[in-house]
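# Structural description and commentary
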Amino acid sequence: MPVSHTAAMDEHPVLEVDSLAICYGKLEVCSDVSLNVRRGEALALIGESGSGKSVTVLAVTGLLGRGGAVTRGRIMLDGEEISRLSDRERRRRGLLGKRIGMIFQNPSRALDPVFTIGQQLNEAISLTGLSGKEALRRKGAEWLRHVGLPDPEEALDRYPHQLSGGQRQRAMIAIALASEPELLIADEPTTALDVTIQAQVLNLIRRLQRELNLALVIVTHDFGVVAAMADRVAVMYAGQVVETGTVANIINAPRHPYTRALLASLPTGVPGARIAALPGSVPSAVAMPTGCRFHPRCPIAIDRCSQETPQLESAAGGHQLRCLRAEEIARHV
Ligand SMILES: Nc1ncnc2c1ncn2[C@@H]1O[C@H](COP(=O)(O)OP(=O)(O)OP(=O)(O)O)[C@@H](O)[C@H]1O
Ligand SMILES: [Mg+2]
């Protein structure tokens, strides 16, 4: 009996988000987000500014901040529900910094200016059980070599401000991975970097994700990043997932009118950028359209679309689609 095969099939996703709703105070900023990522798989979360990508990953990491809360749905990490834990309980279970690694857009948010890179690496490495000054230093230097920092031994003794932007980002990636997390989350990890460095850092993240067989969620505005970095994509619009599928399927045969518009307009990757091919912008949580949230901007909307609320449903080609006209679209592709 092919035991390993059966075990692999039975293995639950590392991360499973199910019908998630998130509120800040009374304002619902995410209403229905479902996604999952398996070991060794990279999922890209894409959508316009304000669509809820960051708040979704912040809910996973427990960093929603003041007034933010999960109000419906579940977040399962390795089969364990984590969406409503207190900060204390999260720390006890090693949720952020140990089991979940996070790479931020801006490394200064993650790196502590008063500690050397080596000290910050040590803290992460000790979470794996390794101890002893020499062993930690050796392992720290190994991580810095792994992320391509020149002269890793010397870099261990540097403070964050003594590194370039690209080097700081590499150091942050080393620290995020040094605790050997199961899940790595990268929210727009390169938009703050020079264009020439962006590709290098993205390649580094993808290479490490594959080598370490990690589950990766990468948040981006940019289909170029999706194509280079991910196996599957979830497209978000106004606090909902509107389409999911493999990268090849979504890029070659997008179904949802929103995904099509996104692809047609090839967004720039600049945070806050609007989609040129679409009139209007993402509706705000205070004035959410009735029916399908995309209908006011949708080129193929019909009367029904302002009245009935579409659900995310399985569609042809392994996609999931939230569109009342999904069947008609399928007939025409
Ligand atoms: N701390 C907060 N308090 C109140 N509302 C918030 C907070 N953070 C985010 N929001 C709201 O939640 C919605 C989704 O924001 P989010 O940051 O997730 O968007 P995004 O898809 O990551 O956009 P971008 O591409 O610009 O990063 C927005 O309407 C935003 O105004
Ligand atoms: Mg964001």
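Use the structure listed above.
Residues numbered from 1 in each chain as written. Chains lettered and ligands numbered in written order. Predicted model: local features only at pLDDT ≥ 70, side-chain atom pairs only at ≥ 80, totals over all residues. Heavy atoms only, no water.

### A short note on the site of ligand 1
Taken together, Y24, V29, E48, S49, G50, S51, G52, K53, S54, V55 and H221 are the residues near ligand 1. Within the backbone of S51, one N or O atom sits 3.2 Å away from an oxygen atom of ligand 1. Look at ligand 1: alone it shows 640 Å² of surface, and the protein chains cover 62% of it. With three residues, the single largest contributor to the shell around ligand 1 is helix α2 (residues 53-61). (Near = heavy atom within 4 Å. Polar contact = N/O pair within 3.5 Å; in protein donor to acceptor, adjacent residues only side chain to side chain. Areas by Shrake-Rupley, 256 points an atom, 1.4 Å probe, with all protein chains shown as cover. Helix = DSSP H or I, 4+ residues; strand = E, 2+ residues; numbered from the N terminus.)

### Some thoughts on the side chain of H319
Mapped onto the elements, H319 comes out in the loop between β11 (313-314) and β12 (320-321). H319 gets classed as buried once you look at its relative accessible area, which sits at 2%. At a separation of 2.6 Å, a polar atom in the side chain of H319 contacts the side chain of E243. Apart from the residues lying within four places of it in its own chain, the contact partners of H319 are E243, T244, G245, N249, I250, A253, R255, E313 and S314. (Buried < 20%, exposed > 50% of the residue type's maximum accessible area, 1.4 Å probe, protein only. Contact = heavy atoms within 4.5 Å.)

### Looking at the environment of S51
Mapped onto the fold, S51 is located in the loop between β3 (42-46) and α2. For the pair formed by S51 and V235, sequence separation is 184 residues and the distance between their alpha carbons is 9.3 Å. Among all residues touching S51, those that are not within four sequence positions of it are M236, Y237, A238, G239 and Q240. For S51, the side chain forms a polar contact with the main-chain oxygen of E48, separated by 2.7 Å.

### Quick word on empty space enclosed by the protein
Inspection of the entire model under this criterion finds three cavities of 30 Å³ or more. By volume, the largest cavity is sized at about 70 Å³. In terms of lining, the largest cavity is formed by H256, P257, C292, F294, C298, I300, A301, C305, C323, L324 and R325. (1 Å grid on protein atoms, 1.4 Å probe; cavity = no way out; pocket = protein on both sides within 12 Å on 5 of 7 lines; lining within 4 Å. Points joined across faces, edges and corners; volume = space filled by probe spheres on them.)

### Focus: the pattern of salt bridges
Summed over all chains, the structure comprises 19 salt bridges. Its salt-bridge partner being D18, residue R74 comes within 3.8 Å of it at the nearest N-O pair. A residue pair is termed long-range when its members are at least 10 positions apart, and R74 in strand β4 (residues 68-77) and D18 in strand β1 (residues 15-24) qualify at 56 residues. Three or more residues joined by partner-sharing salt bridges are found here, namely E80, E89, R92, R93, R99 and E182. (Salt bridge = Lys/Arg side-chain N within 4 Å of Asp/Glu carboxyl O.)

### What about the packing of aromatic side chains?
One pass over the full model with this rule turns up three aromatic pairs. Ring centres 5.0 Å apart and planes at 80 degrees place the aromatic pair Y237 and F294 in the edge-to-face group. Separated by 57 residues along the polypeptide, Y237 in strand β9 (residues 232-237) and F294 in the loop between α12 (257-265) and β11 bring together distant segments of the chain. The burial state of Y237 is the same as that of F294; both residues are buried. The structure contains a cluster of three or more aromatic residues connected by ring pairs, namely Y237, Y258 and F294. (Phe/Tyr/Trp six-rings, centres within 6.5 Å; stacked < 30°, edge-to-face > 60°.)

### Some words on the environment of I197
For I197, the location among the structural elements is in helix α9 (residues 195-211). Along the primary structure I197 and Q169 are separated by 28 residues, whereas in three dimensions their C-alpha atoms are 10.0 Å apart.

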